[in-house]
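Residue strings, one per chain:
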Amino acid sequence: MEKSRKSFGSGLTTKFTPVLSIGDKHIPKTSSTLTVRDILGRWKVRWGIGRRGFRVAPGLYAVGEPDRKSPVLVTANYKMTFDLVRQALAGIDAFILVLDTKGINVWCAAGKGTFGTAELEARITSTGLRDVVGHRELILPQLGAVGVAAHEIYAKTGFAVHYGPVRIDDIKAYIAAGMEKTPAMARVQFKLRDRLAIIPVEITQALPIVIAIAAACSLLSLPFDPAFGVRFFSRVATMLGAVAVGIVLFPPLLPYLPFRAFAAKGAILGLIWSLAAASLFRMSVPISISLALAAIPLTAFLAMQYTGASTYTNINGARIEVTRGIPIILISELLGLMGLIAERILSVRTA
Amino acid sequence: MELRYFSAGKSLALDTGSCIGCGRCVEVCPHAVFSINDRLAAIEVRDRCMECGACGRNCPTGAITVKSGVGCAFAIINGMVSGKEPSCDCDGPESPRKNRKACC
Ligand code: SF4
Ligand code: SF4
């Protein structure tokens, strides 16, 4: 708890000195433009540096010069989300009601229920929203609907919930159209930009895998003779290449790979890479096959993990991928390693 | 290009008998699974449903039921290892898997 309080201090609250007063309510004002510090913070999040405490204090904020008739937008207290919302509101006078989602974005928090009916109800009360605005309407992000029951909010607080667009960029058009959204505004997408977004964090997380692979490959290249370096290089390059393909190439290529299961899509990529590596590093057929058996499951596994970042997978399908995929992945990995060990033993014996 | 997953929308069920045609399901579904025809909801494209549960939670008459959950292999493996319900580890302050969905 102490930690999170400290992080609020280093977050936005300290900068909210301007205040908008409506009746006896004093609402901190926020700007629709980001400071250099905000932008730097966003870049750090992308690369997984010091993500702790990247949150905004929950409560009510003012953008522009809102009055009792201005719209109220509800969002999460993940600072990146909050920043996107206030930026999108440039030129609009509005209130932002920030829920305490423990620094998690709207969709993930709604799935967990922290962006939920109880928190929204409590936050409406604690901020005294009823005395700030004269109307009884709220705009929620559509993806928050997973956690909030609109009819319960209406019954408990008298506020009517409007689910706005999926993407905050559409908010101006949505408000201008009298809180009407086009079918396109209601559809979640998984465009190239969305698919690429988590690659940097995944790269920074891959270090333990890289170390483990390097260690395994050096063992599989023994003994220390003049050819050790050549053997080590071809093995480690093939295996690390399979990891790189899974982390960097899989997300952009996802829609163009055959099969619906992510692990199967990943296996295809892994296979293509293994074939390329075999000819690139001029390896013998037995070594190539063993290496492929060990490398393909790496790509397949990383691809399977990517289900969590996608916007269209369901739990039942993902469960099938795990229960059928993991045994195949493990068996293939084991066969590959056994093949590589056997090759070493045989060649040492014959020599 | 429209992305589709397998085993989609298996648990989604609509009881037209208790539907009042309010349109809330159309408003909340991120994959346009529902449509309103003759003032009643209909499941238009089940194959797009990711079982997020938004429609079920927001249907005022309880006409929709859906078994919702996260379509995330990591969460499922987590659940198997810990013996609990599948859960992302995105709560943890240090978790690298926090806020993975880029769209929101
Ligand atoms: S939300 Fe429920 S009552 Fe409203 S249209 Fe959909 S199914 Fe019918
Ligand atoms: S569970 Fe989600 S994706 Fe499926 S129909 Fe309901 S709102 Fe749409």
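As the structure is a computational prediction, the values presented were derived from the model and not from experiment.

Looking only at helices and strands, chain B features three helices and four strands. Starting at the N terminus, the α and β elements of chain B follow one another as β-α-β-β-α-β-α. Buried residues in chain B amount to 48% of all 104 residues. Residue pairs at least 24 apart in sequence account for 44% of intrachain contacts in chain B once pairs closer than 6 positions are excluded. Of the roughly 5000 Å² of accessible surface on chain B, a fraction of 51% belongs to carbon and sulfur atoms.

Taken together, 13 residues lie near ligand 2, and Cys29, Cys49, Cys52, Gly53 and Cys55 of chain B sit nearest. For the shell around ligand 2, the class distribution of residues is 11 nonpolar, one polar and one charged.

Glancing now at the site of ligand 1. Residues in close proximity to ligand 1 total 14 residues, the closest being Cys19, Cys22, Gly23, Cys25 and Cys59 of chain B. Each residue belonging to the shell around ligand 1 can be placed in one class, and the counts come to 10 nonpolar, three polar and one charged.

Turning our attention to the interface of chain A and chain B. For an interface, size is often stated in terms of accessible area lost upon the parts coming together. Contact residues are listed per partner, giving 61 residues for chain A and 53 residues for chain B. Taken over both partners, the interface formed by chain A and chain B buries close to 5300 Å², and the fraction arising from carbon and sulfur atoms is 59%. Taken together, the links from chain A to chain B amount to two salt bridges. Between arginine 187 of chain A and glutamate 2 of chain B there is a salt bridge, and its shortest N-O distance comes to 3.3 Å. Where chain A meets chain B, there are 22 residue pairs in polar contact (both at pLDDT 80 or more). Those elements giving two or more residues to the side of chain A that touches chain B turn out to be helix H4 (106-112), helix H7 (150-157), strand S7 (160-163), helix H10 (199-205), helix H14 (285-305) and helix H15 (315-350) of chain A.

Residues and elements named next belong to chain A. Ranked by internal contacts, the top residues of the largest apolar core, which has 53 residues, are Phe95, Leu97, Phe115, Leu120, Leu129, Leu138 and Leu140. The greatest single-element share of this core, amounting to five residues, is contributed by H4. Not counting chain neighbours up to four residues away, the residues in contact with leucine 138 comprise Val72, Val74, Leu120, Ile124, Leu129, Ile153, Phe159, Ala160, Val161 and His162. Within the second largest apolar cluster, 41 residues are counted, among which are Ala295, Met304, Tyr312 and Leu340.

Moving on, we get to the pattern of salt bridges. A complete count under the given rule lists 20 salt bridges over all chains for this structure. Across the pair glutamate 65 of chain A and lysine 29 of chain A runs a salt bridge, and its minimum N-O distance is 2.6 Å. Of this pair, glutamate 65 of chain A sits in the loop between strand S3 (59-63) and strand S4 (72-75) while lysine 29 of chain A sits in strand S2 (residues 25-30), placing them 36 residues apart in sequence. What you see here is one network of salt bridges that share partners, running through Arg187 and Arg260 of chain A together with Glu2, Arg4, Asp47 and Arg48 of chain B.

Here we come to the pairing of strand S3 (residues 40-43) of chain B. All names here are of chain B. Taken together, the four bridges between strand S2 (residues 34-37) and S3 define a ladder with antiparallel strand orientation. Looking across to S3, one finds that asparagine 37 is bridged to leucine 40. The turn joining S2 and S3, which pair antiparallel and follow one another in sequence, is formed by two residues; a positive phi near 50° is taken by aspartate 38.

Before going further, it helps to examine the packing of helix H11 (residues 207-219) of chain A against helix H12 (residues 228-253) of chain A. Packed helix pairs are characterised by how far apart their axes lie and by the angle those axes make with each other. Residues and elements named next belong to chain A. The interhelical angle for the contact between H11 and H12, taken along N-to-C directions, is 150°, at an axis separation of 9 Å. Our classification of the angle between H11 and H12 gives roughly antiparallel. Every pair of crossing elements has a handedness; the one defined by H11 and H12 is right-handed. On H12, the residues that touch Ile209, Val210, Ile213, Ala214, Cys217 and Ser218 of H11 are Phe228, Phe232, Arg235, Val236, Met239, Leu240 and Val243. Along the lines of polarity and charge, the residues of the contact of H11 with H12 split into 11 nonpolar, one polar and one charged.

The next subject is a nonpolar patch on the surface. Residue and element names in this part refer to chain A. On the surface, Val285, Ile289, Leu293, Ile331, Leu334, Leu335 and Met338 cluster together to form a nonpolar patch covering roughly 670 Å² of accessible area. Where the nonpolar patch is concerned, the elements lending two or more residues are H14 and H15. Among the elements that line the nonpolar patch, the one with the most residues is H15, at four residues. Looking at the element boundaries, leucine 293 is found in helix H14.

Before going further, it helps to spend a moment on the confidence of the model for chain B. Averaged over every residue, the pLDDT of chain B is 87; residues scoring 70 or more account for 83%. Per the prediction output, this complex has pTM 0.89; the corresponding ipTM is 0.90.

As a further point, take helix H3 (residues 73-82) of chain B. Among the residues of H3 of chain B, Ala73, Phe74, Ala75, Ile76 and Gly79 of chain B are the ones counted as buried. Next to the buried residues of H3 of chain B lie H14 and H15 of chain A. Phi turns positive, to about 75°, at glycine 83 of chain B, one or two residues after H3 of chain B.

In total, this model carries 13 aromatic pairs over all chains according to the counting rule given. Seen in terms of ring centroids, phenylalanine 224 of chain A and phenylalanine 228 of chain A are 4.6 Å apart; in terms of plane orientation they differ by 45°. Their pairing is tilted. An aromatic cluster of three or more residues is present, and its members are Phe190, Phe250, Phe262, Tyr306 and Tyr312 of chain A together with Tyr5 and Phe6 of chain B.

Cut-offs and rules
Residues numbered from 1 in each chain as written. Chains lettered and ligands numbered in written order. Predicted model: local features only at pLDDT ≥ 70, side-chain atom pairs only at ≥ 80, totals over all residues. Heavy atoms only, no water. Helix = DSSP H or I, 4+ residues; strand = E, 2+ residues; numbered from the N terminus. Buried < 20%, exposed > 50% of the residue type's maximum accessible area, 1.4 Å probe, protein only. Contact = heavy atoms within 4.5 Å. Areas by Shrake-Rupley, 256 points an atom, 1.4 Å probe, with all protein chains shown as cover. Near = heavy atom within 4 Å. Nonpolar A, V, L, I, M, F, W, Y, C, P; charged D, E, K, R; others polar. Buried area = accessible area lost by both parts, 1.4 Å probe. Salt bridge = Lys/Arg side-chain N within 4 Å of Asp/Glu carboxyl O. Polar contact = N/O pair within 3.5 Å; in protein donor to acceptor, adjacent residues only side chain to side chain. Core = buried A, V, L, I, M, F, W, Y, C linked by side-chain atoms within 4.5 Å. Pairing = 2+ DSSP bridges. Axes fitted to C-alpha atoms, helices over the stretch in contact; angles between N-to-C directions. Parallel < 35°, antiparallel > 145°, perpendicular 65-115°, else oblique. Left-handed = near helix turned anticlockwise from the far one by under 90°. Patch = residues over 30% accessible without salt bridge, like charges linked within 9 Å, V, L, I, M, F, W, Y side chains within 5 Å. pLDDT = per-residue confidence, 0-100. Phe/Tyr/Trp six-rings, centres within 6.5 Å; stacked < 30°, edge-to-face > 60°.

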